Amino acid sequence: MALQIIVTAKQVIDPEIPKSAFKIDVATKRVVVPPSFPPVVNGFDEHAVEAALRIKDSQEAKVTVVAIGKTFALEIMRKLLAMGADELVLVQDPAIEETIDSRVASHILAAAIKKIGAFDLILCGRQASDWDNAQVPLLLTEALGLPCVTIAKRIEVRDGAVRVERVIPEGQEVVEAPLPALVTVSNELGLPRYPTMRAIMAANRKRPTLWKLSDLGIDPADLQPSLHLVDLFVPVSDRQCEFIEGGDERQIAQQLFQKLREARLI
Amino acid sequence: MPEATGVLVLGEGIAGRLTSTTAEMLTAGHQLAAAMDEPLGCGLVGYQLEAAAEEAMHCGADKVYTVDDPLVAEYQVELYLAALTQICRTAAPRVLLMARTQSGRDLAPRLAARLGVPLAQDCLEVTVDIPSKSLLATRPVYGGNAMARVRSTATPQFATVRPKVYPPAVADPQRRGEVIAVPVALDPAMVKTRVLEVVKEETAGIRLEDAKIVVAGGRGLGGPEGFQPLEQLAKALGAGIGASRAAVDSGWVPYSWQIGLTGKTITPDLYITVGISGASQHIAGCSGAKCIVAINKDRDANIFRYARYGIVGDWQKILSVLIEAAHEFRQSADTP
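Remember, predicted model here, so these are calculated numbers, not experimental data.

Undergrad: Just to check I follow, could you spell out the interface of chain A and chain B for this structure?
TA: One frequently used descriptor of interface size is the decrease in accessible area upon assembly of the parts. Contact with chain A, which involves 67 residues of that partner, is made by 66 residues of chain B. Mapped onto the side of chain A that touches chain B, the elements with two or more residues apiece are helix 5 (136-144), strand 9 (148-158), strand 10 (161-168), strand 11 (171-178), strand 14 (227-233), strand 15 (242-243) and helix 7 (249-262) of chain A. When residues of the side of chain A that touches chain B are assigned to their parent elements, the largest contribution, 9 residues, is made by helix 7 of chain A. Strand direction decides the pairing type here: strand 11 of chain A and strand 13 (residues 194-200) of chain B, joined by 6 bridges, are antiparallel. Residue pairing for strand 13 of chain B: Gly 171 of chain A is matched across the bridge by Lys 200 of chain B.

Undergrad: Teacher, can you tell me more about the pairing of strand 6 (residues 61-69) of chain A here?
TA: Remark: a regular strand shows side chains that alternate across the two faces of the sheet. All names here are of chain A. For strand 6, the buried fraction is high: 7 of the 9 residues fall into the buried class. In this structure, strand 1 (residues 3-9) lies alongside strand 6, joined through 7 bridges in parallel fashion. The residue of strand 6 that forms the bridge with Val 7 is Val 65. Judged from the 6 bridges that link them, strand 6 and strand 7 (residues 87-92) form a sheet pairing that is parallel.

Undergrad: Can you help me understand the environment of Met 98 of chain B in this one?
TA: Residue and element names in this part refer to chain B. Tracing the sequence through the fold places Met 98 in strand 6 (residues 95-99). Look at Met 98 and you get buried, because 28 C-beta atoms sit within 10 Å. Once the C-alpha coordinates of Met 98 and Met 25 are considered, the two residues, 73 residues apart in sequence, prove to be 6.9 Å apart. Not counting chain neighbours up to four residues away, the residues in contact with Met 98 comprise Leu 10, Gly 104, Ala 108 and Thr 160.

Undergrad: So what exactly am I meant to see when it comes to the sheet that holds strand 17 (residues 291-296) of chain B here?
TA: Either a parallel or an antiparallel arrangement is found when strands of a sheet pair, and the pairing is made through backbone hydrogen bonds. The parallel open sheet is built from 6 strands, whose spatial order is 15(A)-18(B)-17(B)-16(B)-14(B)-15(B). With partners counted over all chains shown, the strands left at the sheet margins are strand 15 of chain A together with strand 15 (240-243) of chain B, one partner each. Of the pairings in the sheet, the one linking strand 14 (residues 213-217) of chain B to strand 15 of chain B comprises 4 bridges and is parallel in character. Looking across to strand 15 of chain B, one finds that Gly 217 of chain B is bridged to Ala 243 of chain B. Sheet contacts for helix 7 of chain A: strand 16 (270-274), strand 17 and strand 18 (309-312) of chain B; angle to strand 18 of chain B, the most-contacted strand, approximately 170°. The sheet contacts of helix 5 (residues 227-237) of chain B involve strand 14, strand 15 and strand 16 of chain B, and relative to strand 14 of chain B the element is tilted by about 175°.

About the criteria used
Residues numbered from 1 in each chain as written. Chains lettered and ligands numbered in written order. Predicted model: local features only at pLDDT ≥ 70, side-chain atom pairs only at ≥ 80, totals over all residues. Contact = placed C-beta atoms within 7 Å. Helix = DSSP H or I, 4+ residues; strand = E, 2+ residues; numbered from the N terminus. Pairing = 2+ DSSP bridges. Buried ≥ 20, exposed ≤ 12 C-beta atoms within 10 Å, placed from the backbone. Axes fitted to C-alpha atoms, helices over the stretch in contact; angles between N-to-C directions.

Listed below in structure tokens is the structure:
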């Protein structure tokens, strides 16, 4: 029996956009990005797909990626198929509003995962680079009644259990949980693979499964958040940088050292 | 159901002592409780909690709710969740606070799910609106590029707070309070995840989180060999050493060196960065530094927006002079 792996993914605003392009519309409390910066797959979710593919490299497995959103840039999400995922399920519905209340997203994802069917392992990126909430995976764990291990750098599946090397502040630890289980993946896993040209072409021919909320039996009226955004603003840094210049590197470095000593920082 | 009232801090006690992060949460909790004129409680899970409970009362808790059981002598996620859920149901607080520590990060969202409420995660500030008594929580989003202020319309209003943002509460040994033992039927069968092995990385120098001075390098160092002079500088200054995510992702130095949103949060007096561009996710881990010195060859690098002192130039030459100066300074300080 092939191992059934589900990976959750999110389409997000490119976190690498320059500061100057990052603007907030105060009235709607939304980030506005110039069209020259296309969205991307959340970075940690690519790590989660990579983790799934590494398992698939060593044993028979099927990798299904699921994402929810109001709209998707298909060519962006297809990258996950090109990397090697077998199926892509997109729950796309105009009623899916971006909200800071993670409960809404986890509610929809839990319903989508149940509809996908039996699974052994769910992998999620440790957090999304927009709200940085790090909550959806843990809420899914509760909704689906699964054991959960967070911040994995290495994942091994054998004998009906998942063994996870995870990052802790003092180093790392190895945790084991019985399947089915949910594991969140961090960048310590290592860089996700680049799709080959041939895989990109093949992915372009694959059709994602498209579902609406009604396919999941979800009434949009049940998606009301209870955590509300009061304000969204860009913090101002009041620090003024004093550039130390004049003279060669030796003189500049000595000036710096002097200033730090005077400020009793050294 | 009794009407929800007061603030409850879910704390951690390790080896009979309240953690300093818990004392920080009691500071935040006390401010909110005082503003609302309502009591402050503290929930503790562990074994032989008498001393930690006492300490929580010294730090401002009016009531301490404990689940004191040998089964939870060590942290175990499923058992802790069961215990914390019961503490929250017993205390029925209006506001619930927890530190976003390693365990808090895993526990809080799951606890929120069990209580049926949303969670404001990783907040830098929590205040309360009077007279509505609603909690306003401010948290970084978009990798620190923006801040979101959020309000919850559920009860309890639940927030996790980033460590080292609030100062720890000062203990007053005269303060007294009440300890309430919360009965919970903990069952070893609840345990699903098991820790098989813990590998502690030897840190040669000073713990980054505690260091007064930290030096760190990024992609601009060009390779692992660039960290050698940086280590010399750290040694000469008695500093901790760290790195940006770009440097650890490139495999130049271990992940335990990573400073940033998903790495370590540091709050030194002096933070010297070399070849770090200052992506928002890096700033998220070092914005608590009192003085940032940035050495970078790109004058437009984002790091200079946060730096007190900036140097645009060849980091190798600058570092070698700094190492020399630090050695000389140390020698002159050692010989009066």
